[in-house]
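# Coordinates in review
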Amino acid sequence: MQKDKDTNIDTSNSLLAIKGLSKSFGDNLVLDNISLAFEKGKTTVIIGQSGCGKTVLIKHLIGLLRPSDGSVYFKGERIDDLSEHKLQKIRTNFGFLFQGGALFDSLSVYENIIFPIQQHHKIKNYEKLEEIVKTKLTMVGMDGYQGYNPAELSGGQKKRVALARAIALSPEIILYDEPTTGLDPIRSDVINELILKLQKTLNITSIVVTHDMKSAYKIADRIIMLHNGRVVVDGRPEEIKNHSYPVVQQFINGQISEKDLKTIQLSSIGEEVAKLQ
Amino acid sequence: MSDNRKRSMLEQFGGSVITGINHCGEFSRFHANAIITSLQAFFIPKTYPLIWTQMLAIGVRSVPVVCITGCFVGMVLAVQAYDQLAGLGLEEHLGVLINISVVKELGPVLTAVMLAGRVGGALTAELGTMNVTEQISAVRSMGTDPIRYLVSPRILACLLLTPFLIIYADFMGIIGGYVISVLHFGINNKAYWDFSASGIEMWDISIGIIKGFFFGAAIAGVSCYKGFNCKEGAAGVGQACTEAFVGSFIFILVIDFALAVVFKGIYASLWPIRSLL
Ligand SMILES: Nc1ncnc2c1ncn2[C@@H]1O[C@H](COP(=O)(O)OP(=O)(O)O)[C@@H](O)[C@H]1O
Ligand SMILES: [Mg+2]
């Protein structure tokens, strides 16, 4: 039944779609025949264990990685086989927040944020540009840090500056890779509100990778869970909450499985070290 | 999986040959792309500030070390060659020997080797770190070509400045040779310069300088390639730097040999109109 649903992806009418996507690195099959379509103006949250391929999946959406098999569509046009040069134009429709921020450490916060603007527009009015930077930084609560270097910021602050850079070009689609990881609960909620606000006021489409279930329930129109390279759940937040599949319940409740628990209890860590002496 | 260990020698050898050819192909593509982009960038005023910054880092800061190299080469040649020539009563010819070695071979090659260490190492480490922290992916994600933004300015700066650094090295080599020959060994000043002038043509100096363009492009190209393909972690960056230096060094020697052959051919064909040059 799952299979049926997969092949019925409507690539021409959805904003962004993937069809039969597989990706392997050497012998390591990370994504296994995944098909999804993302609707305009909706927020989709992707959850799943660390290392299950969430980052790999969203990198395919802007062509940072090329599929081993399958295809990716943006506004009905196939993009996974485009040349790097042609992809450049398409990527300006996207904002991408990297898991580690990926701020340019040779540039100041200000220069980081104007980078995408400078690359795609001829700037004449520098006062206006400063205003734009100020607005974007205020959105993420980082106004006043314009002159700082990334090295002088904490992990959470870097993430927020990176988010300001991702929204600098006011893109249609924003891909967030763990936007709230490493932030305190209040800052996390600020980011949640920001994502909601961008959706409501500008009708922006968001795809959010996260481990933070509280944030997921708050912002998601739809939650997708990946497990072993496949989509195991795809539905509205309420559907996920009541899902019967044990892997899902363990994940959303943050519980270790019985099997893993046993292995931890069996290995007597202290004694082994004692035996060495 | 245990079959892996039993792979025959032939299989392993074949495997490494294929990987090697793949690397060559990838490198050629990277380099060709980089050269084309650099040529384009040369006519786009937007990249001038980037080239300028790199010129400062690559060129200006290398002047002292290149001067020291040149000076010592000249002095060592004088010390080593004096006894041989004095034994034959030809010590007044010392100038030709030193100066032709310096301007034709040792000046350009040793300058290039110095730069491969100083500049190549720094370029690889910088770009390698940018690669492992996903800053290069970030450039791509914002619709900018990382070759144009990161590689071209470095190649252009290196290509344009290496010939000038060779001029510095040549000059200091000549001074070094003079100091030892005339001031220390007491060779007649006029004879020293007369023999030097009669033995060295503008051609000899020019080919030394022309080599600089090729050396510069090779050093920057190899270093940027290694940086772009750097493996993760601190060890990855270190390894990339080592490989970049060894790679650049071999390239310098190969280019030096190839150019020697080519220039010899050109010189022979120009021999009849030599007096006009
Ligand atoms: N560039 C790469 N080369 C090889 N393996 C990779 C690469 N990127 C990711 N992987 C592998 O893909 C798997 C999924 O990684 P990732 O998508 O980063 O996980 P996560 O769901 O935590 O974001 C991991 O097992 C990782 O080892
Ligand atoms: Mg990830």
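Structure first, text after, so check above.
Residues numbered from 1 in each chain as written. Chains lettered and ligands numbered in written order. Predicted model: local features only at pLDDT ≥ 70, side-chain atom pairs only at ≥ 80, totals over all residues. Heavy atoms only, no water.

### Observations concerning the overall build of chain B
- Looking only at helices and strands, one finds nine helices and zero strands in chain B.
- Shown N-terminal to C-terminal, the secondary structure of chain B runs as helices and strands in the order α-α-α-α-α-α-α-α-α.
- Seen along its three principal axes, the alpha-carbon backbone of chain B occupies a region of about 75 × 55 × 40 Å.
- Within chain B, the fraction of its 277 residues that count as buried is 45%.
- Pairs at least 24 apart in sequence give 84% of the contacts found in chain B among residues at least 6 apart.
- Taking the average place of the 17 positive charges on the side chains of chain B and the average place of its 17 negative ones, the gap between the two points comes to 9 Å. (Helix = DSSP H or I, 4+ residues; strand = E, 2+ residues; numbered from the N terminus. Buried < 20%, exposed > 50% of the residue type's maximum accessible area, 1.4 Å probe, protein only. Contact = heavy atoms within 4.5 Å. Lys, Arg positive; Asp, Glu negative; His and termini not counted. Charge placed at Lys NZ, Arg CZ, Asp CG, Glu CD.)

### Describing the site of ligand 1
Residue and element names in this part refer to chain A.
- In the vicinity of ligand 1, the residues found are Phe25, Asn28, Val30, Gln49, Ser50, Gly51, Cys52, Gly53, Lys54, Thr55 and Val56.
- At a separation of 3.3 Å, an oxygen atom of ligand 1 approaches a polar backbone atom of Cys52.
- Out of a free accessible area of 560 Å², ligand 1 has 59% covered by protein chains.
- Broken down by secondary-structure element, the contributors of at least two residues to the shell around ligand 1 are β2 (28–38) and α2 (54–61).
- The element contributing the most residues to the shell around ligand 1 is α2, with three residues.
- Here the residues of the shell around ligand 1 sort into four nonpolar, six polar and one charged. (Near = heavy atom within 4 Å. Polar contact = N/O pair within 3.5 Å; in protein donor to acceptor, adjacent residues only side chain to side chain. Areas by Shrake-Rupley, 256 points an atom, 1.4 Å probe, with all protein chains shown as cover. Nonpolar A, V, L, I, M, F, W, Y, C, P; charged D, E, K, R; others polar.)

### Concerning the coordination of the magnesium ion (ligand 2)
Residue and element names in this part refer to chain A.
- At the metal site, the magnesium ion (ligand 2) is ligated by Thr55 (OG1) and Gln99 (OE1), and these contacts range over 2.0 to 2.3 Å. You can see Thr55 sitting in helix α2 and its partner Gln99 sitting in the loop between β6 (94–97) and α4 (109–120), a full 44 residues away along the chain.
- What makes Gln99 partly exposed here is its relative accessible area of 35%. (Donors = N, O, S within 2.8 Å, 3.2 Å for Na, K, Ca; no water.)

### Remarks on the packing of aromatic side chains
Residue and element names in this part refer to chain A.
- Under the definition given, this model contains 17 aromatic pairs over all chains.
- Each ring, one from Phe104 and one from Phe115, has its centre 4.9 Å from the other, and the planes form 65°; the classification is edge-to-face. Placement of the pair is Phe104 in the loop between β6 and α4 and Phe115 in helix α4, with a sequence separation of 11 residues.
- For Phe115, a relative accessible area of 2% gives the class buried. (Phe/Tyr/Trp six-rings, centres within 6.5 Å; stacked < 30°, edge-to-face > 60°.)

### Points about the sheet that holds β2(A)
Residue and element names in this part refer to chain A.
- If you walk across this open sheet you meet the four strands as β2-β1-β4-β5, and the pairing is antiparallel. Looking at the sheet topology across the chains shown, the edges are occupied by β2 and β5 (77–78).
- Direction of pairing for strand β4 (residues 69–74) relative to β5: antiparallel, over a ladder of two bridges. Directly across from Tyr73, in β5, lies its bridge partner Arg78.
- Contacts from α2 reach β1 (16–25), β2 and β4 within the one sheet, and its direction differs from that of β1 by about 125°. (Pairing = 2+ DSSP bridges. Axes fitted to C-alpha atoms, helices over the stretch in contact; angles between N-to-C directions.)

### Structural notes on helix α6 (residues 146–184) of chain B
All names here are of chain B.
- Helix length check: α6, at 39 residues, gives a terminal C-alpha distance of 53 Å against a target of 57 Å (1.5 Å per residue), a fit within 8%.
- The sharpest bend along α6 measures roughly 35° and falls at Ser152, with the proline Pro153 sitting one to four residues further on.
- Gly186 sits one or two positions beyond α6 and adopts a positive phi of about 70°. (Expected span 1.5 Å × (residues − 1). Bend = angle between axes of the 7 residues up to and from the residue.)

### Notes on the side chain of A:Ser108
- Tracing the sequence through the fold places A:Ser108 in the loop between β6 and α4.
- Those residues in contact with A:Ser108 that lie beyond four places of it in its chain are A:Gln146, A:Gly147, A:Tyr148 and A:Asn149.

### A few points about the layout of surface pockets
- What the largest pocket holds in volume is close to 1600 Å³.
- Lining of the largest pocket is provided by 38 residues; of these, A:Glu84, B:Ile136, B:Arg140, B:Pro146 and B:Phe228 occupy positions nearest its centre.
- The leading source of residues in the lining of the largest pocket is helix α1 (residues 9–41) of chain B, at seven residues.
- Here the lining of the largest pocket is composed, by residue class, of 13 nonpolar, 14 polar and 11 charged.
- If you add up the space inside the second largest pocket, you get close to 950 Å³.
- Lining the second largest pocket are 32 residues, with A:Leu107, B:Pro49, B:Leu50, B:Thr53 and B:Tyr149 positioned closest to its centre.
- Residue assignment for the lining of the second largest pocket shows that the elements contributing at least two residues are α4 of chain A together with α2 (48–58), α4 (94–132) and α6 of chain B. (1 Å grid on protein atoms, 1.4 Å probe; cavity = no way out; pocket = protein on both sides within 12 Å on 5 of 7 lines; lining within 4 Å. Points joined across faces, edges and corners; volume = space filled by probe spheres on them.)

### Some thoughts on the packing of α4(B) against helix α7 (residues 189–199) of chain B
Residues and elements named next belong to chain B.
- Between α4 and α7, whose axes approach to 7 Å, the crossing angle comes to 50°. As summarised for this structure, α4 and α7 are arranged oblique, according to the angle between their axes. As α4 packs across α7, the resulting crossing turns out to be right-handed. Within the contact between the two elements, α4 uses Leu94, Gly95, Val96, Ile98, Asn99 and Ile100 and α7 uses Tyr192, Trp193, Phe195, Ser196 and Gly199.
- Among the residues making up the contact of α4 with α7, the classes are represented as seven nonpolar, four polar and no charged. (Parallel < 35°, antiparallel > 145°, perpendicular 65-115°, else oblique. Left-handed = near helix turned anticlockwise from the far one by under 90°.)

### Remarks on the side chain of A:Thr205
Residue and element names in this part refer to chain A.
- Along the chain, the position of Thr205 falls in strand β8 (residues 205–209).
- Among the residues examined, Thr205 registers a relative accessible area of 1% and is labelled buried.
- Looking at Thr205, its side chain comes within polar contact range of the main-chain nitrogen of Gly41, at 3.0 Å.
- Setting aside residues up to four positions removed in sequence, Thr205 forms contacts with Leu15, Glu39, Lys40, Gly41, Lys42, Glu172, Ile173 and Ile174.

### Looking at the pattern of salt bridges
- Under the definition given, this model contains 21 salt bridges over all chains.
- Linking B:Glu134 and A:Lys59 is a salt bridge whose minimum nitrogen-to-oxygen distance equals 2.4 Å. Linking B:Glu134 in the loop between α4 and α5 (135–141) with A:Lys59 in helix α2, this pair reaches from one chain into another. Comparing B:Glu134 with A:Lys59, the two get one shared label, buried.
- The partner of A:Lys75 in a salt bridge is A:Glu172, and the shortest N-O contact between them spans 3.0 Å. Residue A:Lys75 is found in the loop between β4 and β5, and its partner A:Glu172 is found in the loop between α6 (155–166) and β7 (173–177); the two are separated by 97 residues along the sequence. (Salt bridge = Lys/Arg side-chain N within 4 Å of Asp/Glu carboxyl O.)

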